[in-house]
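# Coordinate analysis (summary)
So the chains spell out like this:
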Amino acid sequence: MSFRITETPIDTDALKSKLEHPKSGACLVFEGWVRDHNDGKSVDRLEYSAYKALANKEGQRIIEEAKQKFDIELAFCEHRIGTLEIGDMAVWAGVSSGHRGSSFDACRYIIDEVKARVPIWKKEHYAEGTTDWINCASTP
Amino acid sequence: MSIDIQYFAILKDQSGLSSETLTEPYKDPAAAYQALREKHNFTLRQENLKVAINDEFANWDTPLKEGDSLVFIPPVAGG
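Scope of this entry: the structure provided in the associated data block. (Residues numbered from 1 in each chain as written. Chains lettered and ligands numbered in written order. Predicted model: local features only at pLDDT ≥ 70, side-chain atom pairs only at ≥ 80, totals over all residues. Heavy atoms only, no water.)

## Looking at the layout of surface pockets
Counted as a void, the largest pocket has a volume near 260 Å³. For the largest pocket, the lining is made up of 17 residues, of which Trp33, Arg35, Tyr48 and Lys122 of chain A together with Gly79 of chain B are closest to its centre. The set of elements that each furnish at least two residues to the lining of the largest pocket consists of β2 (26-33), β3 (37-38), β4 (41-50), β7 (89-97) and β8 (120-126) of chain A. Broken down by class, the residue content of the lining of the largest pocket amounts to nine nonpolar, four polar and four charged. Around the second largest pocket sit Glu47, Ser49, Lys123 and Trp133 of chain A together with Gln6, Tyr7, Phe8, Ala9, Lys12, Asp13, Ser18 and Ser19 of chain B, which together line it. Of all elements in the fold, only β4 of chain A together with α1 (9-15) of chain B reach the threshold of two or more residues within the lining of the second largest pocket. Residue contributions to the lining of the second largest pocket peak at three residues, all from α1 of chain B. Taken together, the residues of the lining of the second largest pocket break down into four nonpolar, four polar and four charged. (1 Å grid on protein atoms, 1.4 Å probe; cavity = no way out; pocket = protein on both sides within 12 Å on 5 of 7 lines; lining within 4 Å. Points joined across faces, edges and corners; volume = space filled by probe spheres on them. Helix = DSSP H or I, 4+ residues; strand = E, 2+ residues; numbered from the N terminus. Nonpolar A, V, L, I, M, F, W, Y, C, P; charged D, E, K, R; others polar.)

Right under this line is the structure:
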């Protein structure tokens with residue numbers, strides 16, 4: 001599987017080594033980290049959850065699409081769930097390709113589609129003691 | 001008829017349930033969500049959700065069958 005939901009910290013060294021390929025002259029890695037603020041509120045920690053069975057399928061489809069659309073050799077993505085503290089890595093996406101352009105494009109495609117389509121949810125815990133499910137709380 | 005529902009994220013919080021089994025003969029996910037929204041006071045409207053049957057995206061008017069597993073998918077927020 002090229003996409004995986006994980007409950008444990010993301011092993012970036014192991015993932016990056018999977019991108020090695022004799023035809024690859026470029027390697028692009030995106031890391032998404034937990035930041036201490038959102039929409040003007042001070043954030044203490046995040047709680048991610050996922051519908052794992054479908055998330056893994058949809059994530060795999062996104063990787064396959066990236067390989068069809070862009071001239072790349074390899075691509076992987078992992079998303080962590082559970083309680084994450086400020087600075088923890090929530091998501092990792094990496095691509096390798098012959099030349100840099102397609103790696104930039106494919107990496108962006110993967111992370112954008114994962115954020116838009118994969119059933120993963122984020123609950124922000126604020127310093128003031130309240131919580132919100134992002135994209136849900138203000139949506140009727 | 002028996003349909004298994006799993007709840008995630010805001011729907012899990014608002015219902016206080018991870019899952020429940022429906023025995024009423026709802027014809028499709030739209031009918032099931034309408035009833036469950038009323039029962040659990042879900043704030044999200046159907047048009048802001050997606051739906052999955054048996055771990056694959058489905059349509060709101062896909063007929064439900066005995067033993068189906070049903071998941072309502074609130075707006076996602078990975079990354």
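## As for the interface of chain B and chain A
Listed as interface residues are 22 residues of chain B and, on the opposing side, 28 residues of chain A. When chain B packs against chain A, the two sides together hide about 2,100 Å² of surface, and 59% of this comes from carbon and sulfur. Among the residues of chain B in contact with chain A, Val76, Ala77 and Gly79 of chain B are the three that bury the most area, contributing 28% of the side total. Arg61 of chain A is paired through a salt bridge with Glu56 of chain B; the nearest N and O atoms lie 2.9 Å apart. Counting every contact that joins chain B to chain A gives 12 residue pairs in polar contact (both at pLDDT 80 or more). Within the residue set of the side of chain B that touches chain A, elements represented by two or more residues are α1, β4 (56-58) and β5 (69-73) of chain B. The element best represented in the side of chain B that touches chain A is α1 of chain B, accounting for three residues. (Contact = heavy atoms within 4.5 Å. Buried area = accessible area lost by both parts, 1.4 Å probe. Salt bridge = Lys/Arg side-chain N within 4 Å of Asp/Glu carboxyl O. Polar contact = N/O pair within 3.5 Å; in protein donor to acceptor, adjacent residues only side chain to side chain.)

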